[in-house]
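# Notes for the structure review
Residues per chain, in single letters:
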Amino acid sequence: MDGSGKTTQLALLAKWLSAAGQPVFVTEWNSSALVKAATKTGKKKNSLTPMTFSLLHATDFADRLLYNIIPPLKAGMIVLADRYAYTAFARDAARGVDRKWVRELYSFAVKPDLAVYFKVPIEVSADRLLARRVKLKFYEAGMDMGWSSSLVESFKMFQGKVLSEYDRLVDEFGLSVVNAVGSITEQQRTFRKLVSQHMSIQESDEQLDEIA
Amino acid sequence: MSSSMKSPDDNVGTPATVTPGSYYGNPIPYLPIDGYPGKIIAIEGTDGVGRSTQITLLREWLEVQGYGVIETGWTRSELMQPTIELAKSSNTLNKLTFVLLYATDFADRLEKEIVPALKAGFIVLSDRYIFTAMARAGVRGVDRTWIRNLYGFAIVPHLVFYLKIDEKTLIRRVLQARGMEFWESGMDMKLGDDIYESFRAYQRALLREYGSMSDEFGFRVLDARRKVDIIQDELRRQIGAFLAETDTVGVGGA
């Protein structure tokens, strides 16, 4: 979810893994240079439709998969992805794109070893984002759907739909849920525990205390 | 499984029997298109078969008869054109991003040009349709089922004409017109350093792909080696017959 603090959590996790001698590679959603111009044009003119929005993100993902995800995996690194295909499943479906279609679209994606969902109530995520920024972004707030002329209202409605899509994904894809309302340290502890279950990392609580 | 959020006509999972003017696969849930009076006529074929010449002549002929006509063409979307051109020149595309950029372009034109035109009763003359994307993807080894699912949101054209040409004629025409270009020669596929050999192998594979889609998608095949006006006459004859049969658009009659 937006404002769930997952980027912070991922950065802390990367620190921990690196300190434990694990080479990590971080890749972010919608960050490839390939679709940047089109996304920017589309966003500026507010001319993206749910379908083109979805396809542009899939293009970005495909680009990063080939350049930023598969090579580090082959090199034996841990790839930390800030958002993965599940974000598309949740957001695109919330925009009214066919669920089955978007799942098939991403069938070329590598199945992650661990997928963690930082769950947060709408009110909390809205508060966090509003406290941090002057203005919510147009598409992030789902303003393209035309549900409300108020950014905050629209954000809440849109994120509400995104949230219920995520709930569906938890069962469908076995996402691990972290309660993102707790303190940063608490969440990080849970996160690290989850990761440890999937690989042999030397536990070092000192590190965590240091951060806290 | 494929339930949708707010589809007014939730008939997802359209059977394989396709109806012109409906979606190939699962409908775009928020974009109902049933009962729109417009028609889609697609002209398919490789480079050098004279598609745009034929379309220009068809448009003129249709407009004289009182039909409203719009044209749509491959990679011409406002959203994607600059990106596709940039991507092609920068040489960082792989087969997946190649396919997805085209699909995005098509989606943009579908929603912004094609569907509004169908709603308003226009005849949409499409210079290439999804079959070009499928042929190019097929040649590059993209999964056939995946690409068909991807284009499930495309609308079944009322008529698809495939201007068919043989390899030898194709090569000569392209060389005469503008010479061989990197992507049209499939140089990304590393078939060989010799651009002529690569071009030949690529175009041959493309022709095979189009050929295999002919039955699957009900192409009306025309021999593109014939003279422009002979092909045009044939197109007019078939389109005229189709329009006479389903005359719900325009003022009809020649």
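Being a predicted model, the structure only gives us computed values, none of them experimental. (Residues numbered from 1 in each chain as written. Chains lettered and ligands numbered in written order. Predicted model: local features only at pLDDT ≥ 70, side-chain atom pairs only at ≥ 80, totals over all residues.)

## Section: the overall build of chain B
Using the following cut-off: The way it works is that DSSP assigns letters per residue, a run of H or I at least four long becomes a helix, a run of E at least two long becomes a strand, and they are numbered from the N terminus. Here, residues touch in the contact sense if the C-beta positions derived from the backbone fall within 7 Å of one another.
A count of helices and strands for chain B gives eight helices and five strands. Looking at chain B alone, contacts between residues at least 24 apart form 78% of all its contacts between residues at least 6 apart.

## Points about the overall build of chain A
So the rule is basically this: Here the globule rule reads 2.2 Å times residues to the power 0.38, and the radius of gyration is calculated from C-alpha atoms. Each residue is classed by its C-beta neighbour count within 10 Å, where at least 20 other C-beta atoms makes it buried, 12 or fewer makes it exposed, and intermediate counts make it partly exposed; the C-beta atoms are placed from backbone geometry.
Scanning chain A for helices and strands turns up nine helices and four strands. Starting at the N terminus, the α and β elements of chain A follow one another as α-β-α-α-β-α-α-β-α-α-β-α-α. In terms of overall dimensions, chain A is globule-like: its C-alpha atoms have a radius of gyration of 17 Å, near the 17 Å expected for 212 residues. Each of the three principal axes of chain A carries a C-alpha extent, and together these read 50 × 35 × 30 Å. Split into buried and exposed, the 212 residues of chain A put 39% on the buried side. Within chain A, contacts between residues separated by at least 24 positions form 75% of all contacts whose residues are at least 6 apart in sequence.

## Considering unusual backbone geometry
For A:Asn30, which is not glycine, the phi torsion reads 55 degrees and is therefore positive. Along the chain, the position of A:Asn30 falls in the loop between strand S1 (24-28) and helix H2 (36-44). Its identity is not glycine, yet B:Arg128 carries a phi of approximately 75 degrees, on the positive side. Locating B:Arg128 in the fold gives a position in the loop between strand S3 (123-127) and helix H4 (130-139).

## Looking at the nonpolar core
Basically, it comes down to this: Here, a nonpolar core means buried Ala, Val, Leu, Ile, Met, Phe, Trp, Tyr and Cys residues linked by C-beta atoms lying within 7 Å of one another.
By size, the foremost hydrophobic cluster in this structure holds 111 residues, and its most contacted members are B:Ala103, B:Val124 and B:Ala133. The element contributing the most residues to this core is helix H3 (residues 95-119) of chain B, with 13 residues. Apart from residues lying up to four places away in sequence, B:Ala103 is in contact with A:Leu55, B:Ala133, B:Leu150 and B:Tyr151.

## Here's the deal with the sheet that holds strand S1 (residues 39-44) of chain B
Residues and elements named next belong to chain B. The cut-off we apply is this: At least two bridges found by DSSP between two strands are what make those strands a pair. Here the axes come from fitting lines to C-alpha atoms, over the contacting stretch only for helices, and the angles between their N-to-C directions go from 0 to 180 degrees.
Pairing is parallel in the open sheet, where five strands are placed in the order S2-S3-S1-S4-S5. Both outer strands of the open sheet, strand S2 (69-73) and strand S5 (220-223), are each paired with one neighbouring strand and no more. With direction set aside, neighbouring strand axes in the sheet form an average angle of 20 degrees. The pairing of strand S4 (residues 159-164) with S5 spans four bridges and is parallel. What sits directly across from tyrosine 162, in S5, is valine 221.

## A closer look at H3(B)
All names here are of chain B. The cut-off we apply is this: One less than the residue count of a helix, multiplied by 1.5 Å, gives the span that helix is expected to have. Here the bend at a residue is taken as the angle between two axes, fitted respectively to the seven residues that end there and the seven that start there.
Over its 25 residues, H3 runs 34 Å from end to end, which matches the ideal 36 Å to within 8%, given 1.5 Å per residue. Along H3, the sharpest change in direction is near 45 degrees and occurs at leucine 110. Most of H3 sits inside the fold, with 20 of its 25 residues counted as buried. Backbone geometry just downstream of H3 places glycine 121 in the positive-phi region, at approximately 85 degrees.

## Some remarks on helix H3 (residues 50-74) of chain A
All names here are of chain A. Taking 1.5 Å per residue as the helical rise, H3 with its 25 residues ought to reach 36 Å, and the 34 Å between its terminal C-alpha atoms agrees with that figure. At leucine 65, H3 shows its largest kink, close to 50 degrees. Directly after H3, the chain includes glycine 76, whose backbone phi takes a positive value near 80 degrees.

## A closer look at the environment of A:Ala126
All names here are of chain A. Among the structural elements, alanine 126 can be located in helix H6 (residues 122-132). Distance in space between the C-alpha atoms of alanine 126 and alanine 20 is 35 Å, their sequence separation being 106 residues. Excluding residues that lie within four positions of it along the chain, alanine 126 makes contacts with Gly3, Val152, Phe155 and Lys156.

## Digging into the interface of chain A and chain B
Here is the rule: Throughout this entry, Asp, Glu, Lys and Arg are counted as charged residues, while Ala, Val, Leu, Ile, Met, Phe, Trp, Tyr, Cys and Pro are counted as nonpolar. The remaining residues, Gly among them, count as polar.
In this complex, chain A contributes 28 residues to the contact, which on the side of chain B involves 33 residues. Per-element tally for the side of chain A that touches chain B: the top contributor is H3(A), with 10 residues. Grouping the constituent residues of the side of chain A that touches chain B by class yields 15 nonpolar, eight polar and five charged.

## Some remarks on the packing of helix H6 (residues 167-177) of chain B against helix H7 (residues 195-216) of chain B
Residue and element names in this part refer to chain B. As a reminder of what qualifies: Under this scheme an angle from 65 to 115 degrees is roughly perpendicular, one under 35 degrees roughly parallel, and one over 145 degrees roughly antiparallel; angles in between are oblique. In this scheme the crossing of two helices becomes right-handed for a clockwise turn of the near helix relative to the far one and left-handed for an anticlockwise turn of less than a right angle.
With their axes 10 Å apart at the nearest point, H6 and H7 run at an angle of 125 degrees to one another. On the basis of their axis angle, the class for H6 and H7 is oblique. Considering only the axes of H6 and H7, their crossing is right-handed. Taking contact as the criterion, the partners of Glu167, Leu170 and Ile171 in H6 are, on H7, Arg200, Gln203, Arg204 and Leu207. Looking at the contact of H6 with H7 residue by residue, the class counts come to three nonpolar, one polar and three charged.

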